[in-house]
Amino acid sequence: MTSQIQLLPRNSEQKSTLFSLIALLIGLFAVSLAAIFIRLSERELGPASVVLDRFIISGLVLWFWGNFQAQKNQSSTNRNEQYSTYKFSDWICLLAGGFTFAPSLLLWAWSLTQTNVANSTILHNMIPIFTALGGWMFLSLRFDRRFLIGMGIAIVGAITIGADDIQVDLEHFTGDLAAFASAILFGAYYLLIEKLRSKFSAITILFWTCISGSLFTLPIALFTEDHILPFSWGGWLSIIGLAVIAQVLGHGFVTYSLKTFSSGFVALCFLLEPVITALIAWGLFSEQLTIISWLGFSIVLLGLYLAQSSPSIQKASH
């Protein structure tokens, strides 16, 4: 009996880790669909309007979802997220989510108009480096040699995928710099969300990210683009799909997994996003994949396999 009781915490930890891993994989797949929805949405809208509508629709969905859960748990004693208990620092961190996530999306979208796709994607995929470095500097996270080697291999794989199209010249410098800045901001966003997950639910974090992200994006969309709403059913379906599937479900599951996994590991797993997106585009749009692309995919998977076997991917509390 004693040995069985001693095993319960370990079994509980294993279940929590398994659920978080499943949530992360589902979230990555849903987020990978964002590129498809964005491509369809930008037939009618500019990039700033796409980002703005994404945040507004997601915020509405999360607001209804949060209210439904609040009513469902009204008689429960587990109601520790009342606004009255929020500290000033909590509000700053919650609102900062949108003010890092929104500009990172806009910078990446803009970089694609100033440089080629390969340059932008490769520089944007440097996110794990900044997340791991920031976690070490600001959150006292420590990553062992196995994780760092796995991260290096996965990044090499991501670079390999677009190696044939890389261009190094001053003409693309502005776009390259924008993609690089987007990677830094995305890294900061994941670090911030990891910190917030120690106190807040994924729904609360995403809701306030959408609020502040909308506030950041609204003036940009109003001053730079002709209209901010789709004008056809196809356009509305595309933007709703982007908001509900990629933002609410995708980033919702990813945010949930940050309760268990470090932001460095989660950011590293996002290197699977271009792999999944490329495979979806291959299936839906018959886009060709070269031998170099398949080699890059394999290297990314090898790096992730090494990284996930490292005990440092889990937070100290687990």
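Note that the coordinates shown come from a computational prediction; the quantities given were computed from them, not determined experimentally.

Undergrad: Explain the overall build of the protein chain residue by residue, including any values.
TA: Across its full length, the protein chain carries 13 helices and 0 strands. Across the protein chain, helices and strands are ordered from the amino to the carboxyl terminus as α-α-α-α-α-α-α-α-α-α-α-α-α. Considering only contacts within the protein chain whose residues lie at least 6 apart along the sequence, 89% involve residues at least 24 apart.

Undergrad: With reference to specific residues and values, describe the pattern of salt bridges.
TA: Where charged atoms from two side chains of opposite charge approach closely, those side chains can pair. Taken as a whole and judged by the stated rule, the model has 1 salt bridge. Linking Lys 199 and Asp 90 is a salt bridge whose minimum nitrogen-to-oxygen distance equals 2.5 Å. Linking Lys 199 in the loop between helix 8 (173-196) and helix 9 (202-224) with Asp 90 in helix 4 (residues 88-114), this pair joins segments that are 109 residues apart in sequence.

Undergrad: Hey, could you go over helix 9 for me, with residue numbers and the actual values?
TA: Along its 23 residues, helix 9 runs 32 Å from first to last C-alpha, staying within 8% of the 33 Å computed at 1.5 Å per residue. By the largest-angle criterion, Thr 217 marks the main kink of helix 9, which is about 30°, and a proline, Pro 219, follows within four residues.

Undergrad: Let's hear about the environment of Leu 301: which residues, and what values?
TA: Looking at the element boundaries, Leu 301 is found in helix 13 (residues 291-308). For Leu 301 and Cys 269, which are 32 residues apart along the polypeptide, the C-alpha to C-alpha distance reads 9.4 Å.

Undergrad: How would you explain the packing of aromatic side chains if you had to name every residue and give the values?
TA: In total, this model carries 13 aromatic pairs according to the counting rule given. Aromatic pair Trp 294 and Phe 297: ring centres 5.6 Å apart, planes at 80°, arrangement edge-to-face. Placement of both Trp 294 and Phe 297 in helix 13 is noted, with a separation of 3 residues, approximately one turn of the helix. Accessibility expressed as a relative area gives 37% for Trp 294, which makes it partly exposed. By way of ring pairs, the aromatic residues Phe 55, Phe 101, Phe 186, Tyr 189, Tyr 190 and Phe 270 are connected into one cluster.

Undergrad: An account of the packing of helix 4 against helix 9 is needed here, citing residue identities and associated values.
TA: Helix packing for two helices is described by the angle between their axes and how far apart those axes are. Two elements in contact, helix 4 and helix 9, have axes separated by 7 Å at closest approach and are oriented at 55°. On the basis of their axis angle, the class for helix 4 and helix 9 is oblique. For helix 4 against helix 9, the interelement crossing comes out right-handed. Across the interface between the two elements, Trp 91, Leu 94, Leu 95, Gly 97, Gly 98, Phe 99, Phe 101, Ala 102, Pro 103 and Leu 106 of helix 4 pack against Thr 204, Ile 205, Trp 208, Thr 209, Ser 212, Gly 213, Phe 216, Thr 217 and Ile 220 of helix 9. For the contact of helix 4 with helix 9, the per-class residue count stands at 12 nonpolar, 7 polar and no charged.

Undergrad: An account of the nonpolar core is needed here, citing residue identities and associated values.
TA: In terms of nonpolar packing, the biggest core is built from 69 residues, with Leu 24, Leu 196 and Leu 268 touching the most fellow members. Apart from residues lying up to four places away in sequence, Leu 24 is in contact with Phe 253, Val 254, Ser 257, Phe 261, Phe 265, Val 266 and Cys 269.

Undergrad: Describe a nonpolar patch on the surface, and please don't skip the residues or the numbers.
TA: A cluster of nonpolar side chains, namely Leu 18, Phe 19, Ile 22, Ile 26, Leu 249, Phe 253 and Tyr 256, defines an oily patch on the protein surface of about 630 Å² accessible area. Elements supplying a minimum of two residues to the nonpolar patch: helix 1 (2-32) and helix 10 (233-257). A per-element tally of the nonpolar patch places helix 1 first, with 4 residues. Under the relative-accessibility criterion, Ile 22 is labelled partly exposed at 41%.

Undergrad: Which residues make up the confidence of the model for the protein chain, and what values go with them?
TA: For the protein chain, the average pLDDT comes to 80, and 81% of its residues sit at 70 or higher. The lowest-confidence element of the protein chain is helix 5 (residues 117-124), averaging 69 in pLDDT; the highest-confidence one is helix 9, averaging 93. Note on residues 1-8: pLDDT is under 50 here. Beyond four places in sequence and across chains, it has 0 contacts. Predicted confidence is poor over residues 75-79, with pLDDT under 50, and the contacts of this stretch with residues over four places away or in other chains come to 2 contacts.

Definitions and limits used
Residues numbered from 1 in each chain as written. Predicted model: local features only at pLDDT ≥ 70, side-chain atom pairs only at ≥ 80, totals over all residues. Heavy atoms only, no water. Helix = DSSP H or I, 4+ residues; strand = E, 2+ residues; numbered from the N terminus. Contact = heavy atoms within 4.5 Å. Salt bridge = Lys/Arg side-chain N within 4 Å of Asp/Glu carboxyl O. Expected span 1.5 Å × (residues − 1). Bend = angle between axes of the 7 residues up to and from the residue. Phe/Tyr/Trp six-rings, centres within 6.5 Å; stacked < 30°, edge-to-face > 60°. Buried < 20%, exposed > 50% of the residue type's maximum accessible area, 1.4 Å probe, protein only. Axes fitted to C-alpha atoms, helices over the stretch in contact; angles between N-to-C directions. Parallel < 35°, antiparallel > 145°, perpendicular 65-115°, else oblique. Left-handed = near helix turned anticlockwise from the far one by under 90°. Nonpolar A, V, L, I, M, F, W, Y, C, P; charged D, E, K, R; others polar. Core = buried A, V, L, I, M, F, W, Y, C linked by side-chain atoms within 4.5 Å. Patch = residues over 30% accessible without salt bridge, like charges linked within 9 Å, V, L, I, M, F, W, Y side chains within 5 Å. Areas by Shrake-Rupley, 256 points an atom, 1.4 Å probe, with all protein chains shown as cover. pLDDT = per-residue confidence, 0-100.

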